[in-house]
Structures are given as C-alpha cells and as structure tokens.
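# Geometric and topological summary
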Amino acid sequence: MLCLVRLGYFLAAGVKMGYWQPQWRSLGRGGWRGAAVVHLLLWCSCIVRSETTQNFPGSSKPKSSVGVQLRLQGSGQMLIDNGLLQLTLSVPDGNVIGIQYNGVDNLLEILNEESNRGYWDVVWNLPGDPIKYDRIQGTTYKIVTQNEDQIELSFVRNGSALTNQTAVPLNIDKRYIVRRGCSGFYTYAIFDRPEGWPDIEMDQVRIVYKLQNEKFHFMALSDDRQRVMPMPEDRVTGQPLAYPEAVLLTNPINPELRGEVDDKYQYSCENQYNRVHGWISGDPPVGFWMITPSNEFRTAGPVKQDLTSHVGPITLSMFVSTHYAGKEVGMKFNGGEPWKKVFGPVLVYLNSVAPEEDLSNLWQNAKEQMYVESETWPYNFIESEDFPSSEERGMVVGQLLVRDRYITEKYMWGGFAYVGLASPGEAGSWQRENKGYQFWCRADRKGNFVINNIRAGDYNLYGWVPGIIGDYKYEGNVTITPGSAINLGILIYNPPRHGPTLWEIGVPDRTASEFYVPEPYPTLMNNLYTNNKQYRFRQYGLWERYADLYPENDLVFHVGVDDHRKDWFFAHVTRNLYNYTFTATTWKIEFELKRVHKTAGYVLQLALASVTESDLQVRFNDLSIEPPHFATGKIGQDNAIARHGIHGLYWLYSIPVPSSQLRSGSNTIFLTQARAINPYQGVMYDYIRLEGPPES
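Remember, predicted model here, so these are calculated numbers, not experimental data. (Residues numbered from 1 in each chain as written. Predicted model: local features only at pLDDT ≥ 70, side-chain atom pairs only at ≥ 80, totals over all residues. Heavy atoms only, no water.)

This paragraph deals with the overall build of the protein. Across its full length, the protein carries seven helices and 46 strands. Relative to its length of 696 residues, the protein is compact, with a C-alpha radius of gyration of 27 Å against a globular reference of 26 Å. Buried positions account for 58% of the 696 residues belonging to the protein. Sequence separation of 24 or more characterises 71% of the internal contacts of the protein that already satisfy a separation of 6 or more. Carbon and sulfur atoms provide 51% of the accessible area of the protein, an area that totals close to 28000 Å². Distance from the positive charge centre (65 side chains) to the negative charge centre (75 side chains) of the protein: 4 Å. (Helix = DSSP H or I, 4+ residues; strand = E, 2+ residues; numbered from the N terminus. Rg over C-alpha atoms; globule rule 2.2 N^0.38 Å. Buried < 20%, exposed > 50% of the residue type's maximum accessible area, 1.4 Å probe, protein only. Contact = heavy atoms within 4.5 Å. Areas by Shrake-Rupley, 256 points an atom, 1.4 Å probe, with all protein chains shown as cover. Lys, Arg positive; Asp, Glu negative; His and termini not counted. Charge placed at Lys NZ, Arg CZ, Asp CG, Glu CD.)

Moving on, we come to helix α5 (residues 360–375). Taking 1.5 Å of rise per residue, the 16 residues of α5 would be expected to cover 22 Å, and the 23 Å separating its terminal C-alpha atoms lies within 8% of that figure. Along α5, the positions that sit buried rather than exposed are L362, W363, N365, A366, K367, Q369, M370, V372, E373 and S374. (Expected span 1.5 Å × (residues − 1).)

Bringing the sheet that holds strand β41 (residues 616–620) into the picture now. With respect to topology, five strands assemble into an open sheet ordered β35-β39-β45-β41-β42, the strand pairing being mixed. In this open sheet, the two strands that pair with only one neighbour each are β35 (556–558) and β42 (630–631). Alignment of β41 against strand β45 (residues 665–673), held across five bridges, turns out to be antiparallel. When the bridges of β45 are listed, F620 appears paired with I669. (Pairing = 2+ DSSP bridges.)

With that settled, consider the pairing of β41. Strand residues, when the strand is regular, have side chains that alternate between the two faces of the sheet. Most of β41 sits out of view: five of its five residues are buried. Every second residue of β41 is oriented toward a common face, with L616, V618 and F620 on one face and Q617 and R619 on the other, all of them buried. Sheet analysis places β41 next to β42, joined by two bridges and oriented antiparallel. Its bridge partner being in β42, Q617 is matched across the sheet by A631.

Right, let's get into the pattern of salt bridges. Where side chains of opposite charge bring their charged atoms close, a pairing between them can arise. Throughout the structure, instances matching the rule amount to 27 salt bridges. Between D203 and K327 there is a salt bridge, with its nearest N and O atoms 2.7 Å apart. Of this pair, D203 sits in strand β11 (residues 200–210) while K327 is found in the loop between β22 (314–320) and β23 (331–333), placing the two residues 124 residues apart along the sequence. Residue D203 is classed as buried on the basis of its relative accessible area, which comes to 9%. (Salt bridge = Lys/Arg side-chain N within 4 Å of Asp/Glu carboxyl O.)

Have a look at this one:
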C-alpha cells in the first residue's frame, strides 16, 4: 500500500518534471514514455526493498525503534546512540574515536591514538612548495538537528583563523548524522573557499577508518574480489619490493599467505564500481562497510580509478586524488577564485549475523543496502542548504547515435554509451575536471539515456561510446534549474574519421585489457587473481615480463597474421639493461599495401589508454629520420603500469600520413617510447587504426 501511495507522489512529480508532457509522447517507438514507466517501476521496487532490507535473512540485529540520543561523555567526547550503534566523536575536533556495535566496545583500532582512528584528511601545497598533509580538526562544533529520529552534528574549522602552517586555508564543515533505525552513520563535508583567498593546489581529499586488526581479517570489494588479508605486522616482516607499497610476505602470521605480494593498489577500483567495500569480522560476525550512493562529488568521471580498502585493516572513501591520472586531475585554485563543494554524504554501514550463519550474508546485505542508498539519493534528511533535494534538481534525457559511413551508411545506436554532465570545457575535458560535480549514466543498447538528480548549474554534456574512438560533446551549454526536465532529443556523434579502415589493432574501449597480459612470476603473486583473468593485470611486476618475452629484440606485430590478444604486450615499457639502467624500446607494426594513392593522404588513429612520463615517437618506414614524423612530447603521469591499472587517462591522436611516407608492398611503422629513466615509464595502447584516403 505504501508503495502505491509513493507511486501517486511519483506520478505527480512526473507532471512537474515533464515526464508526461506532449513532446515526450511524440518521440515514437514507445520512446520516453516507456523509459519513464520502467524507471518508475524500478524505483517502486527499490522502495519496497528498502523497507525490508534491515531484517535480512540471518540478521541478528532487527530494526530498532529506539529514538536517537545524544550524550556528552566528559570533556572532549560526544556519544550518539540509536539503539543499534553508539558513535563517539571527539569535541571539537570531529574525529570518530569509537564505534560500539553488536557487543564490540569499539570496532576501531583502540591501540591507535584517538585522532588516528576515523578522520578526514587533505594533501595540499602552495604553488611551487612541497606537499603538506592536513588531518582536518574542527575548532568549533554545534548541534544542527536533535530529535528522536535524527541527530546531525557539525564540526567547523575556520580557514581565516589558522595558525597551523600545515592546515589547508579553507573553511571546512564536517558533518555526522545518526538516524533512528539505521545501522550505521552518514558523514559529509562542505569545503568553502571565499573569494580572494591564497592560491593553493589540493591533490587528495578522503576519509580514513582504521579498524581493529585483531578482529577484521576478511576484505570484500566485489563478488569476485574477496579474500583473507595479511596483518600489518606481515608487511613489516616482509621483503620490500620495487616501491614501498609492495611487499612480499615472507613470514606472515597466517602461513597460507606466505609467498604472496601485498600492495594496496592491487585493490583499486573505478569510480563507477566503487560503491561498497569493507571488512568482515568472524568473531563476532560483523561487517564494516563504506557505501557511496552517488559519484556526483568524485572527481574525473566514472572510469577514474582509486583506492578502496587495504591492509590495516583500513577502509577509505576517496573524493579527490591523483591516482592513475597525476597532477592533471589535482585541484588548482588561482587568482582568488571562490569555490564551494559538498563531498558526500557517504554511509558507514554496519551489519551482523548469528554465529551459526554464513558470513557471506554480510556481503550480500551490504550490497542490498548500497542499492537502497543509491535509489534514495539525493537524501531528504540532510540539514544543509548546500545539499539540494530532489525537487531542487533536474534531469536530462536524449538519444545518442553514431554516424560513421565507413562502418555503415546508416546511423548506429550509441549502445551503452557513457553520457554525462560536467563543467563546461573541451570534448573529453571531463576526465581531468576536478572542482565541480559530474553526473553520468550508461545509455541502453539503443543509445537512450536518462540522467537524474542533477544539481542546478551550467554544464556541457559529454559522451563516449565503447567500440568507437574519440569523445562526444553537445554543441551548447545545458542549464539545469530546480525541477527542470530537458529533452535533448536525438544527438549525432561523428567520430574522428579520414577514410576507410585498412587495418586495426585492438578494441577502442579506453583500456589495454584486450592485449596480452602475461602470467606473473610464480614467486610474486597475489592469489586473489591467480585464476581470475579479468583482473590479471592487478598482479605485481608484470612490466618485467616484457624482457622475458622479448629478451633480445623488441615486439614486432604482423598485421593480418598476428593476434593482438596473444602477440601485443599490454604495456610498451622500457628495457632494463643492468644496474637499474634503462633504454628506450621500439615496437614495429609490419603491414602490406597493394598500392599507395600518391595524390591523397592517409591517417593513423592512435588511441592511448595510459601514459606515464613518456614521449611516444612515430616513424613510417624510416627509423633513423629526425625529427620523427610524429611525437607526443613528454606527456602523462598515470603511473598505471606500477599501480596495476589497465588504463589511466585517455589520449587520441589523429596523425596525418602523407602518401610519400608509405610504399606499395611492405611497410613498417616504428613506435618508440623514447624516455627511459625507470621501469614504470611507458604507454598502454587502446587502439591503432590506419585509414586510407577518403572515398567519394
């Protein structure tokens, strides 16, 4: 019955939001009427699920009817109790120093200092200065909301009154919310930079929770990324590898982990999938989870990779970082520009089962709760004028088609395209955008897309289609006002294209996952990925396998003969000569042309999935020519090779090839990665295509 009541509200809201306006009904083929109905039914089913999910099978914690209470715990501490958990915060700092739940006095590591258990921090610097680390401590606090249904506390630090030279000059308001019947707590922060404040750079904003290492030993990131984890002591007694994050476990407390590699970057995840992760304790059976209901406040778009949980046990919520991208995605504030952003809210979710129950139920329930949180976004209980409600937001719909006459004369659906709104900029600029909010969705197989819950403001609409090179950008600004529903209609993407495809290597999906990813060294494995080919690239030391496979000469790929899945190494890396001395490597693409059109040019489409401090030089049929026919110059700071990522930022070059550089018969393209200072420099290719002269 409740669902039907809410259905009525949704129908009424649909009129306001434009679901049932005449122009929608005229789209044909069922159009957006059908999409709206499907969306409505899914929404309704999720509401039903959200009303039942607290009492999941095997749960030993029924939904509490106890009102939320607030108590001062002596000097410097405040406790919030809702009958399911007790949250203890330091005053006025606003750090989480205690979480009591399911008979455990504190889920956080009690051996740590109180300021080193649950906190927000920032990595920043003044332009040209070394980086600084700032663990954000409030200086004043206030009760924002206090009733039996909800308590919200605010911990504020005034950036204009700072005396600590390591504190970032911003006004920061950290918030914590505990609600009746909720097995967890919400947290968010408002970062505010008034006009005229000093120039700064800010590369990281995150939340950190450090759990009891005697209890939490099992980590879960996804259905197929779960494992028993090493202890912190194991990293101390282990053998350091090429960089500090990577350690070979030589004498772990759990002997079954001996001989494995531990590296926090092996557990990274793309933003689009980084929605729930955390830890499980077996005694008592308790789960601790970080749930992120929306990506709107994260930087650099849906495929940006970042950290999740790792040995500690530590659970993170990453909002801003330069991981897998470099300083290009770090924030830079110049000329006194004003800025304000809300990071979060996110939910720290706790669950438990009876001792005789299967611990996997904890992960299943955490996923269910993640779906509930996502479907109820934006929350209607946030007491901040900087967090707009659903009524104060808008939506955009449309259909993306692709026009490439060298594939087909017909328009193609932009099937499963990534379509999103981000700050105005050039096509593709969203992957480096870091100050504003971004709103993304995946289109259906026909290219239809619906982007909901967009904050008011001016945006550009961006997109890219798996299987198609390049970036789409809608020609005008998209202005969202409260309650608006914008139908952009049919959008046409004309991807870069010069002429017909003569040959191609790879799949244009912005990753190097289709290429050959080798088996790791048997003595340097993470057993989580031993039988999981999808994530084999997460293994340590794969860059060194290149020299094993090509000990004397570099890679040569024969078009029409070789298979990129077996014969194209996933990363174009340097070669280690001896004593940590490296040299550049040159790959060859050999191909045949029956004839060369002397009066028309060719184009090489070169798409890169990742670049780290590289200068990629391209030469046609003459390795000795200087300067090269094309060079990227020094680009890229992804570090995806060392950090086990199969992609970083996307680069696309359309390289003109005069017919004079080609010849009838055998041809060779030389790809040289010319910078060679360390083993992690290199590029990952996404896709390479040679196009012939245009056809009339």
